[in-house]
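Structural overview for review
For reference, the chains in residue letters:
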Amino acid sequence: MLKLYYSAGACALASHIALEEAAAAYEIAHVDLRQGEQRAPAYLAINAAGSTPALVTDQGVLTENAVIMDHIARTHPEAGLAPDPSSFAWSRMQSLNGWLASSLHPAIGRLLFSRPPLEGEARTAQAGVALGKFDIVEQSLLTGPWAMGEQYTVADGYLSVFTRWARQAGILDRTRFPRLNDHLDRVQARPAVQRVLSAEGLTPV
């Protein structure tokens, strides 16, 4: 039995979606970031970085969405959540996941979740950075109905986390980002994703 430590609506949503799409045997444990539970000794013993997600397996603990999703896809190949691991397409998917983690996530995260909140010129500047990253996905990285083209993969759930945040913030303009909006709608319509949203107390946006 796998155990996912998550915070509702945060980036761990991507790993939660991957587990549900894989029909994995798992349970979830909520970590309330606003209450500082990620800094509690009990959680730091699981993930010394004090962040979510963390996936407890029978071999140890995995952290970071890209790694957790990779593990889920590899250990549940029947779910078809990734290309063949020996293929170039797998490497392309991992390249996208790495970019989402290292580029898009920080850009939209700084805009929406900086403490204290960004204001004035600083917020305007960071909004420009974030929107520029979404432009890259819209124009170049989103290659079909799904992130990798015709096949739904773990990258789709990951991308949807950040487009959810952007839509909730009112910055995912449908004229500027028609493909990203369509993609988010497609992801949120999937039964597995709807189950995950319900489990985290969320609704489609």
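Read on for an overview of the structure. Every value quoted in this text rests on a predicted model; they were computed, and no experiment measured them. (Residues numbered from 1 in each chain as written. Predicted model: local features only at pLDDT ≥ 70, side-chain atom pairs only at ≥ 80, totals over all residues. Heavy atoms only, no water.)

1. Some points on the overall build of the protein
Our working definition: By definition, any uninterrupted DSSP run of H or I lasting at least four residues is a helix, any uninterrupted run of E lasting at least two residues is a strand, and each is numbered from the N terminus. For this measure, only C-alpha atoms enter the radius of gyration; the expected value for a globule follows 2.2 Å times N^0.38, where N is the number of residues. For every residue, the accessible area (1.4 Å probe, protein chains only) is compared with the maximum for its type, and the residue is labelled buried under 20%, exposed over 50%, or partly exposed between those bounds. Whether two residues touch is decided by their heavy atoms; if any such pair falls within 4.5 Å, the residues are in contact. Working definition of accessibility: Shrake-Rupley area with a 1.4 Å probe, residue cover restricted to the visible protein chains.
Of regular secondary structure, the protein possesses eight helices and four strands. Listed by position from the N terminus, the elements making up the protein come as β-α-β-α-β-β-α-α-α-α-α-α. At 17 Å, the protein has a C-alpha radius of gyration in line with the 17 Å of a compact globule built from 205 residues. In terms of its C-alpha atoms, the protein occupies a principal-axis envelope of roughly 45 × 40 × 30 Å. Out of the 205 residues in the protein, the part that is buried amounts to 48%. In the protein, once contacts between residues fewer than 6 apart in sequence are set aside, the share between residues at least 24 apart is 62%. As displayed, the protein offers around 9700 Å² of accessible surface, 52% of which is attributable to carbon and sulfur atoms.

2. Re helix 7 (residues 178-189)
Stated precisely, the cut-off is as follows: What a helix is expected to span follows from its residue count: subtract one and scale by 1.5 Å.
When the terminal C-alpha atoms of helix 7 are compared, their 17 Å separation across 12 residues agrees well with the 16 Å that a helix rising 1.5 Å per residue should span. Those residues of helix 7 that are buried lie in contact with helix 5 (120-141), helix 6 (154-168) and helix 8 (191-199).

3. Observations regarding the environment of Ile46
Structurally, the position occupied by Ile46 is in the loop between helix 2 (41-44) and strand 3 (54-57). Exposure remark for Ile46: the relative accessible area of 22% places this residue in the partly exposed category. Between the C-alpha atoms of Ile46 and Ala89, which are 43 residues apart in sequence, the distance is 33 Å. Among all residues touching Ile46, those that are not within four sequence positions of it are Tyr5, Ala54, Val56 and Val61.

4. Overview of the sheet that holds strand 4 (residues 60-63)
Filter applied, for reference: Strand pairing requires that DSSP identify at least two bridges connecting the strands. Angles shown run from 0 to 180 degrees and are taken between the N-to-C directions of axes, each axis being a line fitted to C-alpha atoms and, for helices, limited to the stretch in contact.
Taken together, four strands build an open sheet; the order of strands is 2-1-3-4 and the sheet is mixed. On the outer flanks of this sheet lie strand 2 (26-30) and strand 4, each paired with one strand and no other. Shown here is a sheet whose adjacent strand axes are inclined to one another by a mean of 20°, direction ignored. Inspection of the sheet shows strand 1 (residues 2-6) paired to strand 3 by three bridges, in the antiparallel sense. What sits directly across from Lys3, in strand 3, is Val56. On the sheet, helix 3 (residues 65-75) packs against strand 3 and strand 4 and is oriented at approximately 120° with respect to strand 4.

5. Section: the nonpolar core
Heads up, the condition is: In these notes, a set of buried Ala, Val, Leu, Ile, Met, Phe, Trp, Tyr and Cys residues joined through side-chain atoms within 4.5 Å is what counts as a nonpolar core.
Counting 56 residues, the largest nonpolar core has Leu19, Leu100, Ile108, Phe134, Phe162 and Leu180 as the members making the most contacts within it. Where this core is concerned, the elements lending two or more residues are strand 1, helix 1 (13-21), helix 3, helix 4 (88-113), helix 5, helix 6, helix 7 and helix 8. Here this core gets 10 residues from one element, more than from any other, and that element is helix 4.

6. Digging into the packing of aromatic side chains
The following threshold applies: Only Phe, Tyr and Trp rings are paired, with Trp represented by its six-membered ring, and only when their centres lie within 6.5 Å; those with planes under 30 degrees apart are stacked, over 60 edge-to-face, the remainder tilted.
Across all of its chains, the model carries six aromatic pairs by this definition. Centre to centre, the rings of Phe134 and Phe177 are 6.2 Å apart; their planes meet at 65°, and the pair counts as edge-to-face. Separated by 43 residues along the polypeptide, Phe134 in helix 5 and Phe177 in the loop between helix 6 and helix 7 bring together distant segments of the chain. These aromatic residues form a ring-pair network of at least three members: Phe113, Tyr158, Phe162 and Trp165.

7. Overview of the packing of helix 6 against helix 7
Put simply, the rule is: With respect to orientation, any angle under 35 degrees is reported as roughly parallel, any angle over 145 as roughly antiparallel, any angle of 65 to 115 as roughly perpendicular, and every other angle as oblique. Note: crossing handedness is left-handed where the near helix turns anticlockwise from the far helix by less than a right angle, and right-handed where it turns clockwise. Gly is placed with the polar residues, together with every amino acid not listed as nonpolar (Ala, Val, Leu, Ile, Met, Phe, Trp, Tyr, Cys and Pro) or charged (Asp, Glu, Lys and Arg).
Viewed as axis vectors pointing N to C, helix 6 and helix 7 meet at an angle of 115°, and their least axial separation amounts to 9 Å. The angle between helix 6 and helix 7 places the two elements in the roughly perpendicular class. Here the hand of the crossing between helix 6 and helix 7 comes out left-handed. Packed against helix 6, whose contacting residues are Asp156, Leu159, Ser160, Thr163, Arg164 and Arg167, the element helix 7 presents Leu180, Asn181, His183, Leu184, Asp185, Val187 and Gln188 at the interface. Of the residues belonging to the contact of helix 6 with helix 7, the class tally is four nonpolar, five polar and four charged.

Distances and angles like these do not, on their own, reveal function.
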